[in-house]
Amino acid sequence: MSLGDGWENDDGGGRRPEDGAGKGLVVAFGLTMKTLRVRAGMDREEFGRRIGYSASTVASFEQGRRIPSPRTIDTADEVLGAEGMLRVWKEEVEKAQYPVFFQGMAALEKEAVELLSYDTLVVKGLLQTEDYMRALLDMRRPVLDQETIEQRVAARLARQEIFDRWPAPLLSFVLDESVLRRPYGGKDVLRGQLEHILLIGHKRNVELQVMPLDREESAGVDGPFTIVIRKDGKKFVYAEAQGTSALQTDAEQTTLAAARYGIIRSQALPPRESMEFIEGLLGAL
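Residues numbered from 1 in each chain as written. Predicted model: local features only at pLDDT ≥ 70, side-chain atom pairs only at ≥ 80, totals over all residues. Heavy atoms only, no water.

## Some thoughts on unusual backbone geometry
Residues Arg 141 and Pro 142 are joined by a peptide bond in cis, for which omega reads 0°. Within the secondary structure, Pro 142 sits in the loop between helix H7 (130–138) and helix H8 (146–159). In this structure, Pro 167 follows Trp 166 across a cis peptide bond, with omega equal to 0°. Structurally, the position occupied by Pro 167 is in the loop between H8 and strand E2 (170–176). The phi dihedral of Glu 83 falls on the positive side, at around 55°, and the residue is not glycine. With relative accessibility at 78%, the residue Glu 83 sits in the exposed group. (Helix = DSSP H or I, 4+ residues; strand = E, 2+ residues; numbered from the N terminus. Buried < 20%, exposed > 50% of the residue type's maximum accessible area, 1.4 Å probe, protein only.)

Okay, here's the thing in structure tokens:
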């Protein structure tokens, strides 16, 4: 995926909408929340206390500058006695944290029964630690403002809920060795990232493999990509580069991508050897 972009990607203060259409929806949601709060006879401070936020954060929600998490929307609906008037917005409001081009992929991740990922530039967003995320986002040029960085970190962390979902999806990650050696943010950040990858790699529904630099052949020369397979068997292929993205749905192309991924896996180290390889890298830091 593109370096540190954040789409391969709720904080306590909520998230920001990422495009004009999303902003309009979030503003409408905020006005609805404010109307219900006023009808319930609560000021922002009291309402914030009851849902676990400051009055200033409540103002951000109501003015459409921040996006509350799905859990916060549920709590607000209950506190305000809204009888579902806020919950009905939940799915669309959640999508608004992403730009239009990534919304389809974000939705597919929630439906995935299998996800296959090959990465050659950075550790995939689903595997990143918070420190690693911040290191990548700090490197973006032109530079990002702090509020945008916080929003993008929050969005990636929220997507990592895929590891705790049940029924558990089958997840496969192949990482190029170079990804595991780049000390973005410094050695301490890399050390924490490698430790995190090892923890994820021990999950029963996860297979993690390393593509060594000494391989003379690799079917992954065209770069990183992700395959998502839904319960109905339909496959989707997603790729990003330099701020552009493509979500491929053509049956022939997705089938070929899945076959290519199978070849990549056969060329990479097996999972057990890959874990030992990462442990070796970690020990050498």
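## Thoughts on the nonpolar core
With 35 residues, the main nonpolar core has Phe 163, Phe 173, Leu 180 and Ile 278 as its most contacted residues. When residues of this core are assigned to their parent elements, the largest contribution, six residues, is made by helix H10 (residues 187–201). In this structure, Phe 163 is in contact with Leu 126, Leu 127, Leu 171, Phe 173, Ile 200, Lys 203 and Val 206, ignoring residues within four places of it in sequence. Among the nonpolar cores identified, the runner-up in size contains 19 residues, and Met 33, Phe 47, Phe 61 and Val 79 belong to it. (Core = buried A, V, L, I, M, F, W, Y, C linked by side-chain atoms within 4.5 Å. Contact = heavy atoms within 4.5 Å.)

## Details of helix H2 (residues 44–51)
Side chains of residues three or four places apart in an α-helix project in the same direction, reflecting 3.6 residues per turn. Turning to H2, its buried residues are Phe 47, Gly 48 and Ile 51. Looking straight down H2, one finds that the buried residues subtend no more than 100° of arc, so they occupy a single side. Opposite its buried face, H2 presents the exposed residues Glu 45 and Arg 49, each directed more than 90 degrees away. Residue Gly 52 follows H2 closely and has a positive phi angle near 90°. (Arc of directions from axis to C-beta.)

## Some thoughts on the sheet that holds strand E5 (residues 235–241)
On the basis of which strands lie adjacent, the open sheet formed by six strands has the order E3-E2-E1-E4-E5-E6 and mixed pairing. Of all strands in the sheet, those bounded by a partner on one side alone are strand E3 (206–211) and strand E6 (244–248). Shown here is a sheet whose adjacent strand axes are inclined to one another by a mean of 10°, direction ignored. Sheet topology places strand E4 (residues 225–230) next to E5; four bridges connect them, and they run antiparallel. Bridge assignment links Val 228 to a residue of E5, and that residue is Phe 236. (Pairing = 2+ DSSP bridges. Axes fitted to C-alpha atoms, helices over the stretch in contact; angles between N-to-C directions.)

## Details of the pattern of salt bridges
Under the counting rule described, the total for this entry stands at 14 salt bridges. Its salt-bridge partner being Arg 37, residue Glu 62 comes within 2.5 Å of it at the nearest N-O pair. Taken as a pair, Glu 62 in helix H3 (residues 55–62) and Arg 37 in helix H1 (residues 20–39) lie far apart in primary sequence, 25 residues in all. The buried category is assigned to Glu 62, whose relative accessible area is 3%. Salt bridges here are not isolated pairs; linked through shared partners, they connect Asp 74, Asp 77, Arg 87 and Lys 90. (Salt bridge = Lys/Arg side-chain N within 4 Å of Asp/Glu carboxyl O.)

## Observations concerning the packing of aromatic side chains
Per the stated rule, a full pass over the model turns up six aromatic pairs. On the basis of an interplanar angle of 80° and a centroid distance of 5.4 Å, the ring pair of Tyr 53 and Phe 61 is categorised as edge-to-face. Per residue, the accessibility class of Tyr 53 equals that of Phe 61, and both read buried. With a centroid separation of 6.2 Å and 85° between ring planes, the pair formed by Phe 225 and Tyr 261 is classed as edge-to-face. Residue Phe 225 is found in strand E4, and its partner Tyr 261 is found in helix H11 (residues 251–267); the two are separated by 36 residues along the sequence. (Phe/Tyr/Trp six-rings, centres within 6.5 Å; stacked < 30°, edge-to-face > 60°.)

## Here we look at the environment of Ser 56
With respect to the element layout, Ser 56 can be found in helix H3. Taking the relative accessible area as the measure of exposure, Ser 56 reaches 51% and is therefore exposed. C-alpha separation for the pair Ser 56 and Gly 186, spaced 130 residues apart in sequence, amounts to 35 Å. Reaching out from Ser 56, the side chain makes a polar contact with the side chain of Ser 54 at a distance of 2.9 Å. (Polar contact = N/O pair within 3.5 Å; in protein donor to acceptor, adjacent residues only side chain to side chain.)

Shape descriptors only; they carry no functional weight alone.
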